[in-house]
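# Observations on the model geometry
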Amino acid sequence: MTDSTEKLALPDRLSVNPRSPHHVAAIFDHDIGITVNGKERFDVEEYCISEGWVKVPSHKALDRRGQPLMMTVKGTIEAFYK
């Protein structure tokens, strides 16, 4: 059988959070990988390739709504389908 679903081109900015305006649900039908400075990260919540940053949750800190606080990591960002 062949894969009948086409993979969309990955956008410059993408978020995992469905409340974000940068969330595209159709892209998450396939596994996505993110590398930061040549090392693959598995905890990325949002990325922007052109600006060179990713947002990852901090370990224990929560905001007033109970969501984890996001830390920005800067560097060379690459997004790809697995």
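Preceding this paragraph is the structure being described.
Now for a look at the structure at hand. Small disclaimer: the values here were computed from a predicted structure and weren't measured.

## With respect to the packing of aromatic side chains
Geometry of an aromatic ring pair is reported as the spacing of the ring centres plus the angle between the planes. This structure, assessed with the given rule, holds zero aromatic pairs. If you follow Lys55 out to its NZ or CZ, it ends over the ring of Trp53, 5.4 Å from the centre.

## Some remarks on the nonpolar core
General note: in soluble globular proteins, nonpolar side chains tend to be found buried as a group. By size, the foremost hydrophobic cluster in this structure holds nine residues: Leu14, Ile27, Ile34, Val36, Val44, Tyr47, Val54, Val56 and Ile77. When residues of this core are traced back to their parent elements, those giving at least two are β2 (32–36) and β5 (53–62). Setting aside residues no more than four positions away along its own chain, Val44 makes contact with Val16, Ile34, Val54, Lys55 and Val56.

Conventions we followed
- Residues numbered from 1 in each chain as written.
- Predicted model: local features only at pLDDT ≥ 70, side-chain atom pairs only at ≥ 80, totals over all residues.
- Heavy atoms only, no water.
- Phe/Tyr/Trp six-rings, centres within 6.5 Å; stacked < 30°, edge-to-face > 60°.
- Lys NZ or Arg CZ within 6 Å of the ring centre and 35° of its normal.
- Core = buried A, V, L, I, M, F, W, Y, C linked by side-chain atoms within 4.5 Å.
- Buried < 20%, exposed > 50% of the residue type's maximum accessible area, 1.4 Å probe, protein only.
- Helix = DSSP H or I, 4+ residues; strand = E, 2+ residues; numbered from the N terminus.
- Contact = heavy atoms within 4.5 Å.

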